[in-house]
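# Inside the fold
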Amino acid sequence: MKDVQNADLRVRIGALTLENPIMPASGTFSEDLADVFDLDVLGAHVLKTIMHGTRAGNPTPRVCDLQSGMLNAIGIPSKGIDYFRDEMLPYWADFKAPLVVSISAHSYDEFARLCSEVSLAGVAAIEANISCPNIEANGNAFAMRPDTTHEVVTRLRAETDLPLWAKLTPNTGEPAEVALAAQAAGADALVVANTVLGMSVDIASRRPRLGNVMGGMSGPAIKPIALRMTYQCANAVDIPVIGCGGISTRDDVLEFLIAGAAAVQIGTATFQSPTAMARLITELESWMQEHGVASLDEIIGSIEAPNAGVFE
Ligand SMILES: Cc1cc2nc3c(=O)[nH]c(=O)nc-3n(C[C@H](O)[C@H](O)[C@H](O)COP(=O)(O)O)c2cc1C
């Protein structure tokens, strides 16, 4: 085994080099975390999805606990593009880690306009949350189908020269086809994936536990789904895949990297332990030193799979 004193945790996501592969998942990261750890240890900063105008979000209750994770139907409350440009961007400019701005919209035109407007100095990449309802496709999320994925990513690509990441939904039955469509339309990376559609009922009141009835499941319960989809997408495309879903331990991170993820995003684990991301970076580095791994290139996509992952 090689003697590795200084393991190299850097990863490349297209044109961007990140100091390490650990970054927050959109919607689970905020300025408050700066009180508990140095946010510049992170590979990148991914902000909560913004939409163009101001929005209140969904009716309460907006979250509920599950046995191994949580359900949320926050509904993307947004203070709009002006607040982002005037208040948020200056705050994040003081950090070294690249800033990834997550955007979303319910129509192609609105999405394209927002993409153009957030393509500002200080933004390192745009993450398109295409897992949200598209009113031009009966409310189905853009990323449910290859054609709507292709259309929206093409429209976004035309509006920005910044690296463009497409965040997919695990609720599609055609993950590889959707991933290929995003790549063909010019996405620089994929984030795999958003929450799994779920529901919970309170038997005493017989009411859904979420004000929105259905919501997005996250946390350890969805890890095998996100891992499977990361593997499928990484096999299908040439652009980097960023794994996301249920990651809370160092071994979870390694599983995603081995399955083909070039980096990972951490969401619900931060709610359980606000310093989880900082811990994962330290633990990953120690693991690399202990195992003689000098660079993550030795790990990423190193899965020994007997076939391309066909399931019958
Ligand atoms: C409370 C909450 C809010 C979220 N908000 C967003 C959001 O604004 N945009 C987005 O793309 N994903 C959002 N997500 C999804 C996460 O970014 C992530 O894809 C998902 O939670 C799976 O990762 P995890 O199991 O590590 O939490 C949210 C998740 C949670 C739990």
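About the cut-offs
Residues numbered from 1 in each chain as written. Predicted model: local features only at pLDDT ≥ 70, side-chain atom pairs only at ≥ 80, totals over all residues. Heavy atoms only, no water. Helix = DSSP H or I, 4+ residues; strand = E, 2+ residues; numbered from the N terminus. Rg over C-alpha atoms; globule rule 2.2 N^0.38 Å. Buried < 20%, exposed > 50% of the residue type's maximum accessible area, 1.4 Å probe, protein only. Contact = heavy atoms within 4.5 Å. Lys, Arg positive; Asp, Glu negative; His and termini not counted. Charge placed at Lys NZ, Arg CZ, Asp CG, Glu CD. 1 Å grid on protein atoms, 1.4 Å probe; cavity = no way out; pocket = protein on both sides within 12 Å on 5 of 7 lines; lining within 4 Å. Points joined across faces, edges and corners; volume = space filled by probe spheres on them. Pairing = 2+ DSSP bridges. Phe/Tyr/Trp six-rings, centres within 6.5 Å; stacked < 30°, edge-to-face > 60°. Near = heavy atom within 4 Å. Polar contact = N/O pair within 3.5 Å; in protein donor to acceptor, adjacent residues only side chain to side chain. Nonpolar A, V, L, I, M, F, W, Y, C, P; charged D, E, K, R; others polar.

## A closer look at the overall build of the protein
- A tally of regular secondary structure across the protein gives eight helices and 18 strands.
- Here the C-alpha radius of gyration of the protein, 19 Å, is about what a compact globule of 312 residues would show, namely 20 Å.
- For the protein, buried positions account for 51% of its 312 residues.
- By sequence separation, contacts in the protein at least 24 residues apart represent 70% of the contacts at least 6 residues apart.
- In the protein, which carries 21 positive and 37 negative side-chain charges, the distance between the mean positions of the two groups comes to 7 Å.

## Observations concerning the layout of surface pockets
- Counted as a void, the second largest pocket has a volume near 170 Å³.
- As for the second largest pocket, its lining consists of 13 residues, and the residues nearest its centre are Arg12, Pro240, Gly260, Ala262 and Ile300.

## Remarks on the sheet that holds strand β10 (residues 125–129)
- Taken in spatial order, the eight strands line up as β3-β18-β17-β12-β11-β10-β9-β4 in an open sheet, and their pairing is parallel. Here the strands that pair on one side only, and so sit at the sheet edges, are β3 (22–24) and β4 (45–46).
- With three bridges connecting them, strand β17 (residues 241–244) and strand β18 (residues 263–266) associate as parallel partners. Across the sheet, the residue bridging to Ile242 is Ala263, located in β18.

## Some points on the packing of aromatic side chains
- What the rule picks out here adds up to six aromatic pairs.
- With centroids separated by 5.2 Å and ring planes inclined at 35°, the aromatic side chains of Trp92 and Phe95 adopt a geometry described as tilted.
- Pairing Tyr108 with Phe142 gives two aromatic rings, centres 5.4 Å apart and planes at 70°, and the pair type is edge-to-face. One end of the pair, Tyr108, is in helix α2 (residues 108–118); the other, Phe142, is in the loop between β10 and α3 (146–157), and 34 residues separate them in sequence. Residues Tyr108 and Phe142 agree in their burial class; the two are buried.
- Connected via pairs of aromatic rings, a cluster forms that spans Phe29, Tyr91, Trp92 and Phe95.

## Details of the site of the ligand
- Taken together, 23 residues lie near the ligand, and Ser26, Thr49, Lys167, Gly246 and Thr268 sit nearest.
- Residue Lys167 places a side-chain N or O atom 2.7 Å away from an oxygen atom belonging to the ligand.
- Note that an oxygen atom of the ligand is positioned 2.6 Å from one of the side-chain N or O atoms of Thr268.
- Among the residues making up the shell around the ligand, the classes are represented as seven nonpolar, 14 polar and two charged.

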